[in-house]
Amino acid sequence: QILLVESGGGLVRPGGSLRLSCAAPRSIFSTFSPLDMDWYRQAPGKQREWVARITSDGTTTYKVSVKGRFTISRNNSRKTVWLQMNALQPEDTAVYYCNTNPISADSWGQGTQVTVSS
């Protein structure tokens, strides 16, 4: 189990940007750096969906609908993963979560709310 804490959400207008953070405050470099990390999101009334992944060696993959707009990155020394979200659209409105890959069922945090609205 790894403690993960998401932050950085908020209310933004369509076309705006946000940068989400996922911190592992109780981890150490040697346990965090080998982890592949994912961002997920869950919109109201919908199932949680995968958004982006960054592997331990820095390889990134994205959900098709966010590719080119979102960028996932990490700093293992800071035990943090970020999700830079640009050109946000109303359909990006959701609670955003991070987790490891494979998923650690006990590591789901409280998430961070992103609302895109004019």
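Draft legend 1. How the structure looks around the pairing of strand β9 (residues 94-101). The buried fraction of β9 amounts to seven of the eight residues, a majority that puts the element mostly inside the structure. Judged from the seven bridges that link them, strand β4 (residues 36-42) and β9 form a sheet pairing that is antiparallel. The residue bridging R41 from the neighbouring strand is Y96, located in β9. Strand direction decides the pairing type here: β9 and strand β10 (residues 112-116), joined by three bridges, are antiparallel.

Draft legend 2. Structural context of the nonpolar core. One finds W39, F70, I72, V81, L83, M85 and Y96 to be the most contacted residues of the largest nonpolar core, which totals 27 residues. For this core, the secondary structure elements donating two or more residues are β3 (18-23), β4, β5 (49-54), β7 (70-75), β8 (80-85), β9 and β10.

Draft legend 3. The arrangement of the sheet that holds β4 in detail. Taken in spatial order, the six strands make up an open sheet running β2-β10-β9-β4-β5-β6, and their pairing is mixed. Of all strands in the sheet, those bounded by a partner on one side alone are β2 (10-12) and β6 (60-62). The average undirected angle you get between the axes of adjacent strands in this sheet is 25 degrees. As paired elements, β4 and β5 share five bridges and run antiparallel to each other.

Draft legend 4. Structural detail: the state of the cysteines. Scanning the model with the defined rule gives one disulfide in all. Sulfur-sulfur distance for the disulfide between C22 and C98 comes to 2.0 Å. Taking the sign of the S-S torsion, 75 degrees for the link of C22 and C98, the bridge is right-handed. Here C98 lies in strand β9 and C22 lies in strand β3, a separation of 76 residues in the sequence. C98 carries the same exposure label as C22, and that label is buried.

Draft legend 5. The pattern of salt bridges, seen in detail. Counted by the stated rule, this structure contains five salt bridges. One salt bridge connects R41 with E49, and the closest N-O pair in it is separated by 2.7 Å. The partly exposed category is assigned to E49, whose relative accessible area is 27%. One salt bridge connects R41 with D92, and the closest N-O pair in it is separated by 3.0 Å. One end of the pair, R41, is in strand β4; the other, D92, is in the loop between β8 and β9, and 51 residues separate them in sequence. The class for R41 is buried, based on a relative accessible area of 5%. Given the relative accessible area of 1%, D92 is considered buried. Beyond isolated ion pairs, a larger network of salt bridges with shared partners links R41, E49, K63, R69 and D92.

The rules behind the values
- Residues numbered from 1 in each chain as written.
- Predicted model: local features only at pLDDT ≥ 70, side-chain atom pairs only at ≥ 80, totals over all residues.
- Heavy atoms only, no water.
- Buried < 20%, exposed > 50% of the residue type's maximum accessible area, 1.4 Å probe, protein only.
- Helix = DSSP H or I, 4+ residues; strand = E, 2+ residues; numbered from the N terminus.
- Pairing = 2+ DSSP bridges.
- Core = buried A, V, L, I, M, F, W, Y, C linked by side-chain atoms within 4.5 Å.
- Axes fitted to C-alpha atoms, helices over the stretch in contact; angles between N-to-C directions.
- Disulfide = S-S within 2.5 Å.
- Salt bridge = Lys/Arg side-chain N within 4 Å of Asp/Glu carboxyl O.

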